[in-house]
Structures are given as C-alpha cells and as structure tokens.
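Architecture at a glance
Below are the chains, spelled out letter by letter.
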Amino acid sequence: SSGSPISIPSNIMLFGVYYITSIDDKLPMSDRVYTGETELMYAMEISKELDLRQMAKVRIGSKIMETSIGRVIFNKVLPENYDFINEAMDKKRVTSLLTKVLKEEPNKVAVKLIDDIKDIGLKYGTICGQSVSLADISIPKDRERLINEGKKMVMEVDGYYTRGLITKSEVRKQKEDIWNKVIGELDNVVWDNLEDDNPVKILVKSGSTKATRDKVKQLAGMKGLISDPTGKIVEIPIFGNFKIGLS
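Below, the structure is looked at part by part. Computed from a predicted structure; not experimentally measured.

1. With respect to helix α2 (residues 37-45)
Given 3.6 residues per turn, any residue in an α-helix points the same way as the ones three and four places further on. Looking only at α2, the buried set comprises Leu-40, Met-41, Ala-43 and Met-44. Taken end-on, α2 shows its buried residues confined to a sector of 155°, consistent with a single buried face. Buried residues along α2 sit against β1 (33-34), β2 (55-60) and α3 (69-75).

What follows is the structure, given as structure tokens:
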C-alpha cells in the first residue's frame, strides 16, 4: 500500500549491505592514494594494509574520492549509468535505490541488481559474524537521576491540584507531558551510551530487523507509559525495563 517495491533484501542480506557500506570510525584514514579497485582489493586481501570498512582515497573514474572498499564492492553491482554511491546503505536508501531502478531501467537490469544486492548482503553479513546479546546494552548512569527528577515534577503537579490551582484533567495532561519528556531524554541517553560499533546500534541503524530505538530504550531505560483497558493513559509509568525487570 506504500508504493515501495516488495522485492527488498531483508534480515541478514540487508544487514550485510549496511555493514560493508558503513565506516568503522575507529580505523584511521589511509595515507595512501590508490589507483583503482584492483589496487584497493590487493591492499585488503594480500598486503592486509586496509580493512573492509576503512576510509581510503581511491581514484573512481576521473575523481579522487574518500571511500571504503565495502562501498566500492557495493557500487560494482549498480547499473553502469548510475553515479557512485558514497554513503551507508540502510533499508531506506536501499529501498529508494531499487524503486528508482525499477522505474528507470528494464526489468532485466532491476532483477539482476536485486539478486546482486542479495548475494553481497548474504556473503558479507555472514562473514562479519555479528552477534547480539543482552550484555551489549548497558544501563546508563543518568537513568535514576532522570526518573527521580520526573517524580519531583509530578509531586509539584499534585501539590497544585491539592491547593485547587488546576483541575483533574489538567493534572493528567501535565503528568503525561512530564513522563513523555523524561522518556524522550532517557531514550537519547540510552542511545548515546552505546558505542558506534555496538552490535545492537548497528542492527537498529541498518533497518534490517524490527529492532528500533524505542525497543532499546525499553531494554535499558524504562518501559514508560501504558494504556488501561479503556484506552486511557495510566498516570504512573512502568519505571523498570526488560533488563532489570518490569516490577
């Protein structure tokens, strides 16, 4: 119903594509300029001076570009008339690329590209050996502070209601706003607490699974606000998370 193509690589295939086109920021930029793809592949496979996700300067066509071996490998399967894509290919970008190819190119070209992307993703998604565990997600130090600040603000709102300064509906609305603000801040703290090469963070950013930032927040931050059977928001959120327990 969205209009996007259904033949989109998913799971490990999509993850493999994202993995090889992303950059490992812990690896330094190579100080050499490579003449082309052949020399670049030699530097990785034979002399071992470059990594798959390491930035390097290489001649692409008539230009010297800062890119990685993984991105060069991905661009090899693109139609000849397409420009070099020098960015990490997550689910949205892969979908956008395939949508464009399906509209502009013959079906034969589009089918070959889909198969090639699938093969690259499956190969490098397997080679990278990425795995995920609960230990990859740590509970941030600021978690308790943020929750306690939220509780203090809620107590102030209750005080206003006791003195007759606000109505019961205003109390519910203000409490909901307070906890939504706390949950938003906690979401950022949990996400920033993960290193860029954290397996969970890479998995979420790739878009290859149903994992989202919200689910990561519920694992290490707090479950947050829930609705009762009538659809109303419960004033008191669930402060626990799936790592330490919800009770």
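Having seen it, we continue.
2. A word on the packing of helix α6 (residues 143-162) against helix α7 (residues 168-192)
As a packed pair, α6 and α7 sit with axes 10 Å apart at the nearest point and diverge in direction by 170°. Classed by the angle they form, the pair α6 and α7 counts as roughly antiparallel. Across from Arg-143, Leu-146, Ile-147, Gly-150, Lys-151, Met-153, Val-154, Val-157, Asp-158 and Tyr-161 in α6, the residues of α7 making contact are Lys-168, Val-171, Gln-174, Lys-175, Ile-178, Trp-179, Val-182, Glu-185, Leu-186 and Val-189.

3. Examining the nonpolar core
Phe-74 and Leu-97 are the most contacted members of the largest nonpolar core, which has 38 residues in total. For this core, the elements supplying multiple residues, two or more each, are α1 (11-21), α2, β2, α3, α4 (91-104) and α5 (107-127). Once you skip the residues sitting within four places of it in the chain, Phe-74 turns out to touch Val-17, Ile-20, Thr-21, Ile-85, Met-89, Leu-97, Ile-117 and Ile-120. Formed by 12 residues, the second largest nonpolar core is a distinct cluster that contains Leu-146, Ile-147, Val-154 and Ile-183.

4. Here we look at the pattern of salt bridges
According to the stated counting rule, one finds 18 salt bridges in the structure shown. Asp-177 is the partner of Lys-173 in a salt bridge, and the nearest nitrogen-oxygen pair spans 2.9 Å. With Lys-173 and Asp-177 both in helix α7 and four residues apart, this pair spans about one turn of that helix. For Asp-177, a relative accessible area of 38% gives the class partly exposed. Within this structure, Asp-158, Arg-172, Lys-175 and Glu-235 form a network of salt bridges that share partners.

5. Considering the pairing of strand β3 (residues 63-68)
Bridge count for β2 against β3 is six bridges, and the pairing is antiparallel. Residue pairing across strands places Met-55 opposite Ser-68, the latter belonging to β3.

6. A closer look at the packing of α7 against helix α9 (residues 213-220)
With their axes 9 Å apart at the nearest point, α7 and α9 run at an angle of 90° to one another. The orientation of α7 relative to α9 falls into the category roughly perpendicular. Residues Ile-183, Asp-187, Asn-188, Val-190 and Trp-191 of α7 touch α9, and the partners they reach there are Arg-213, Asp-214, Val-216, Lys-217 and Ala-220. Considering only residue class, the contact of α7 with α9 consists of five nonpolar, one polar and four charged.

About the cut-offs
Residues numbered from 1 in each chain as written. Predicted model: local features only at pLDDT ≥ 70, side-chain atom pairs only at ≥ 80, totals over all residues. Heavy atoms only, no water. Buried < 20%, exposed > 50% of the residue type's maximum accessible area, 1.4 Å probe, protein only. Helix = DSSP H or I, 4+ residues; strand = E, 2+ residues; numbered from the N terminus. Arc of directions from axis to C-beta. Contact = heavy atoms within 4.5 Å. Axes fitted to C-alpha atoms, helices over the stretch in contact; angles between N-to-C directions. Parallel < 35°, antiparallel > 145°, perpendicular 65-115°, else oblique. Core = buried A, V, L, I, M, F, W, Y, C linked by side-chain atoms within 4.5 Å. Salt bridge = Lys/Arg side-chain N within 4 Å of Asp/Glu carboxyl O. Pairing = 2+ DSSP bridges. Nonpolar A, V, L, I, M, F, W, Y, C, P; charged D, E, K, R; others polar.

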